[in-house]
Amino acid sequence: MIKTGVEEVLRHLREEFPDSTVSFIPGDNGGGDVIVEDVDVGEGCTPAKTWIGANLSPQLPFSDVYPLFIGGNVMRRNGTPLGGPTSACQFASRPAIQVSRRTNNLVATPHAAAMKFRKVLTFVKELAP
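Residues numbered from 1 in each chain as written. Predicted model: local features only at pLDDT ≥ 70, side-chain atom pairs only at ≥ 80, totals over all residues. Heavy atoms only, no water.

**A few points about the pattern of salt bridges**
- Under the defined criterion, the tally for this structure stands at seven salt bridges.
- Among the ionic pairs, Glu-8 bridges to Arg-11, the shortest N-O distance being 2.8 Å. Taken together, the positions of Glu-8 and Arg-11, both in helix α1 (residues 4-16) and three residues apart, correspond to about one turn of that helix.
- You can call Glu-8 partly exposed: its relative accessible area is 29%.
- For Arg-11, a relative accessible area of 37% gives the class partly exposed.
- The closest approach of N and O atoms between Lys-116 and Asp-64, which form a salt bridge, is 3.1 Å. Note that Lys-116 is positioned in helix α2 (residues 110-127) and Asp-64 in the loop between β4 (49-56) and β5 (68-71), a separation of 52 residues in sequence.
- For Asp-64, a relative accessible area of 24% corresponds to the partly exposed category. (Salt bridge = Lys/Arg side-chain N within 4 Å of Asp/Glu carboxyl O. Helix = DSSP H or I, 4+ residues; strand = E, 2+ residues; numbered from the N terminus. Buried < 20%, exposed > 50% of the residue type's maximum accessible area, 1.4 Å probe, protein only.)

**Some details on the packing of aromatic side chains**
- Under the criterion given, the structure shown has two aromatic pairs.
- With centroids separated by 6.2 Å and ring planes inclined at 25°, the aromatic side chains of Trp-51 and Phe-91 adopt a geometry described as stacked. With a gap of 40 residues between them, Trp-51 in strand β4 and Phe-91 in strand β7 (residues 86-91) connect regions that are remote in the sequence.
- When the centroid spacing of 4.5 Å and the interplanar angle of 10° are considered together, the rings of Phe-69 and Phe-91 count as stacked. Separated by 22 residues along the polypeptide, Phe-69 in strand β5 and Phe-91 in strand β7 bring together distant segments of the chain.
- Through successive ring pairs, a cluster of aromatic residues spans Trp-51, Phe-69 and Phe-91. (Phe/Tyr/Trp six-rings, centres within 6.5 Å; stacked < 30°, edge-to-face > 60°.)

Encoded structure:
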(Lines give C-alpha, C1' and ligand atoms only; values in the text may rest on other atoms or scores of the structure.)
Protein backbone atom coordinates (compact mmCIF):
# COMPACT_ATOMS: atom_id res chain seq x y z
CA MET A 1 0.00 0.00 0.00
CA ILE A 2 1.35 3.43 -0.95
CA LYS A 3 1.95 5.73 2.02
CA THR A 4 -0.05 8.95 2.21
CA GLY A 5 3.06 11.16 2.00
CA VAL A 6 4.12 9.44 -1.23
CA GLU A 7 0.64 9.86 -2.72
CA GLU A 8 0.79 13.57 -1.90
CA VAL A 9 4.19 13.96 -3.58
CA LEU A 10 2.83 12.19 -6.69
CA ARG A 11 -0.14 14.58 -6.74
CA HIS A 12 2.21 17.57 -6.55
CA LEU A 13 4.41 16.15 -9.31
CA ARG A 14 1.38 15.80 -11.59
CA GLU A 15 0.44 19.41 -10.84
CA GLU A 16 4.02 20.67 -11.36
CA PHE A 17 4.42 18.79 -14.67
CA PRO A 18 0.93 18.84 -16.21
CA ASP A 19 2.18 18.08 -19.74
CA SER A 20 4.24 15.09 -18.62
CA THR A 21 3.36 11.50 -17.79
CA VAL A 22 4.09 10.64 -14.16
CA SER A 23 4.56 6.88 -13.67
CA PHE A 24 4.94 5.17 -10.31
CA ILE A 25 6.33 1.69 -9.63
CA PRO A 26 5.38 0.77 -6.06
CA GLY A 27 7.93 -0.89 -3.80
CA ASP A 28 7.25 -3.26 -0.94
CA ASN A 29 7.51 -0.62 1.80
CA GLY A 30 4.94 2.06 0.86
CA GLY A 31 7.34 4.00 -1.35
CA GLY A 32 8.59 3.29 -4.85
CA ASP A 33 10.15 4.67 -8.00
CA VAL A 34 8.64 7.60 -9.89
CA ILE A 35 9.46 8.68 -13.44
CA VAL A 36 8.30 11.93 -15.02
CA GLU A 37 8.48 11.65 -18.81
CA ASP A 38 9.12 14.40 -21.34
CA VAL A 39 10.67 17.13 -19.19
CA ASP A 40 12.74 20.03 -20.51
CA VAL A 41 16.47 20.03 -19.70
CA GLY A 42 17.20 23.07 -21.85
CA GLU A 43 18.49 24.00 -25.28
CA GLY A 44 22.07 23.51 -24.08
CA CYS A 45 21.43 19.76 -23.83
CA THR A 46 20.81 17.10 -26.40
CA PRO A 47 18.19 15.81 -26.30
CA ALA A 48 16.44 18.87 -24.91
CA LYS A 49 13.70 16.67 -23.41
CA THR A 50 14.16 13.55 -21.34
CA TRP A 51 12.79 11.87 -18.20
CA ILE A 52 13.57 12.50 -14.54
CA GLY A 53 13.08 9.98 -11.77
CA ALA A 54 13.75 9.13 -8.15
CA ASN A 55 12.92 6.71 -5.41
CA LEU A 56 10.18 8.07 -3.16
CA SER A 57 10.85 6.95 0.39
CA PRO A 58 7.89 5.87 2.52
CA GLN A 59 9.12 8.42 5.10
CA LEU A 60 8.07 11.32 2.83
CA PRO A 61 7.57 14.17 3.38
CA PHE A 62 10.04 13.86 6.28
CA SER A 63 12.91 12.64 4.10
CA ASP A 64 14.86 14.10 1.21
CA VAL A 65 14.26 12.95 -2.36
CA TYR A 66 17.82 11.93 -3.21
CA PRO A 67 19.35 11.17 -5.61
CA LEU A 68 17.50 12.04 -8.79
CA PHE A 69 18.17 10.60 -12.24
CA ILE A 70 17.75 11.79 -15.83
CA GLY A 71 17.99 9.97 -19.14
CA GLY A 72 21.38 8.39 -19.73
CA ASN A 73 21.72 9.89 -23.21
CA VAL A 74 21.62 13.54 -22.06
CA MET A 75 24.78 15.51 -22.80
CA ARG A 76 25.81 19.04 -23.63
CA ARG A 77 24.87 20.18 -27.11
CA ASN A 78 28.58 20.12 -28.10
CA GLY A 79 28.66 16.38 -27.32
CA THR A 80 30.54 16.53 -24.02
CA PRO A 81 29.24 15.00 -20.78
CA LEU A 82 27.35 17.19 -18.34
CA GLY A 83 30.12 16.98 -15.75
CA GLY A 84 29.66 18.41 -12.28
CA PRO A 85 28.14 16.14 -9.66
CA THR A 86 26.75 13.62 -12.16
CA SER A 87 27.54 9.98 -12.89
CA ALA A 88 26.34 7.29 -15.29
CA CYS A 89 24.27 4.49 -13.75
CA GLN A 90 20.94 2.65 -14.05
CA PHE A 91 17.58 3.66 -12.60
CA ALA A 92 14.39 1.61 -12.91
CA SER A 93 16.15 -0.61 -15.50
CA ARG A 94 17.01 2.42 -17.67
CA PRO A 95 20.38 3.93 -18.56
CA ALA A 96 20.56 7.03 -16.39
CA ILE A 97 22.66 9.91 -15.15
CA GLN A 98 22.56 10.42 -11.41
CA VAL A 99 22.38 14.12 -10.55
CA SER A 100 23.58 14.69 -7.01
CA ARG A 101 21.82 17.66 -5.40
CA ARG A 102 21.31 17.37 -1.67
CA THR A 103 18.64 19.44 0.02
CA ASN A 104 19.98 21.64 2.79
CA ASN A 105 17.50 22.78 5.42
CA LEU A 106 14.79 20.30 4.43
CA VAL A 107 11.27 21.69 4.49
CA ALA A 108 9.14 18.63 5.22
CA THR A 109 6.18 19.08 2.89
CA PRO A 110 4.95 17.08 -0.12
CA HIS A 111 5.23 20.24 -2.24
CA ALA A 112 8.90 20.73 -1.28
CA ALA A 113 9.64 17.11 -2.20
CA ALA A 114 8.02 17.59 -5.61
CA MET A 115 9.90 20.85 -6.14
CA LYS A 116 13.18 18.94 -5.78
CA PHE A 117 12.54 17.66 -9.31
CA ARG A 118 12.30 21.24 -10.60
CA LYS A 119 15.46 22.18 -8.67
CA VAL A 120 17.43 19.37 -10.33
CA LEU A 121 16.15 20.28 -13.81
CA THR A 122 17.22 23.89 -13.26
CA PHE A 123 20.65 22.66 -12.14
CA VAL A 124 21.03 20.54 -15.31
CA LYS A 125 20.17 23.58 -17.42
CA GLU A 126 22.93 25.50 -15.62
CA LEU A 127 25.45 22.73 -16.38
CA ALA A 128 24.75 23.14 -20.09
CA PRO A 129 23.86 26.81 -20.72
